[in-house]
Amino acid sequence: MNKIVRYIFSLFEKTVVKVNGWKHIPNSPRKFMYVVTQKYNGKDIQLSDGTMVTKGDFVAEFHIDNLKMNQVKNDLKSIFRYLDEELIALAEAAITHEEFKNIKAYYGRTVLHPIAKKRDFTIIDVENKKFFLKFWDNLLKLVFQSSNSKGTKKFRDPKECWISKEQLGRFLSKKGDYNEKENN
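Remember, predicted model here, so these are calculated numbers, not experimental data.

Draft legend 1. Spatial organisation of the overall build of the protein chain. Looking only at helices and strands, one finds 6 helices and 8 strands in the protein chain. Counting from the amino terminus, the protein chain carries its helices and strands in the arrangement α-β-β-β-β-β-α-β-α-β-α-β-α-α. By the burial criterion, 44% of the 184 residues in the protein chain qualify as buried. Summarising the internal contacts of the protein chain: among those between residues at least 6 apart in sequence, 74% fall at separations of at least 24.

Draft legend 2. The sheet that holds strand 2 (residues 33–39), seen in detail. On the basis of which strands lie adjacent, the open sheet formed by 6 strands has the order 1-2-5-6-8-7 and mixed pairing. The open sheet is flanked by strand 1 (23–24) and strand 7 (122–125), the only strands paired with a single partner. The sheet contact formed by strand 7 and strand 8 (residues 159–164) spans 4 bridges and is antiparallel. The residue of strand 8 that forms the bridge with Asp125 is Lys159. Relative to strand 2, helix 2 (residues 76–96) is tilted by about 40°, and along the sheet it contacts strand 2, strand 5 (58–64) and strand 6 (105–110).

Draft legend 3. Summary view of unusual backbone geometry. One non-glycine residue, Asn27, adopts positive backbone phi at about 60°. Its location among the elements puts Asn27 in the loop between strand 1 and strand 2.

Draft legend 4. Molecular detail of the pairing of strand 6. Among the 6 residues of strand 6, 5 are classified as buried, and the element is accordingly described as predominantly covered. With 3 bridges connecting them, strand 5 and strand 6 associate as parallel partners. In the strand pairing of strand 6, Val59 is matched with Ala105. Here strand 6 runs beside strand 8; their pairing, made up of 6 bridges, is antiparallel. Within the sheet, the bridge partner assigned to Tyr107 lies in strand 8 and is Trp162.

Reading the values: rules and limits
- Residues numbered from 1 in each chain as written.
- Predicted model: local features only at pLDDT ≥ 70, side-chain atom pairs only at ≥ 80, totals over all residues.
- Heavy atoms only, no water.
- Helix = DSSP H or I, 4+ residues; strand = E, 2+ residues; numbered from the N terminus.
- Buried < 20%, exposed > 50% of the residue type's maximum accessible area, 1.4 Å probe, protein only.
- Contact = heavy atoms within 4.5 Å.
- Pairing = 2+ DSSP bridges.
- Axes fitted to C-alpha atoms, helices over the stretch in contact; angles between N-to-C directions.

Next up, the structure:
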């Protein structure tokens, strides 16, 4: 039964990605996250480093590639490593790819916000559509997590996780750490 549900969700995921024009982060080693640029239309947000995101600013939204979730080891060390690698690739793209040069901040909505908090993301409660988002995000987590996962089945409220372009740039200093580990 789980294979059928996963197959249906996989078809849905592929359609959503194609229709919305989501692309993997350029030069990402694992292609674990999508990113899409857009103009911000919400309320003003002040990030933890003082960056103000206002209506009309260019931002980019993250989306986890749910089809790759079964490849992720469900231990914190691996999850942090994958996230760091994606953030390093995005920080490089912010410098080298024209479509990211004017981006002021990056954000995503997730039930995995405790992990983002440890990477200095600003965490913001989702105000409207909370029940549907909680149900949907937790359903995706259950469907796509690794079959040998011992992760929690507890439902969490999804939250928006924001990081400024300047904060993202700090991840470039970690690049050498991961390159050394790959070569050893």
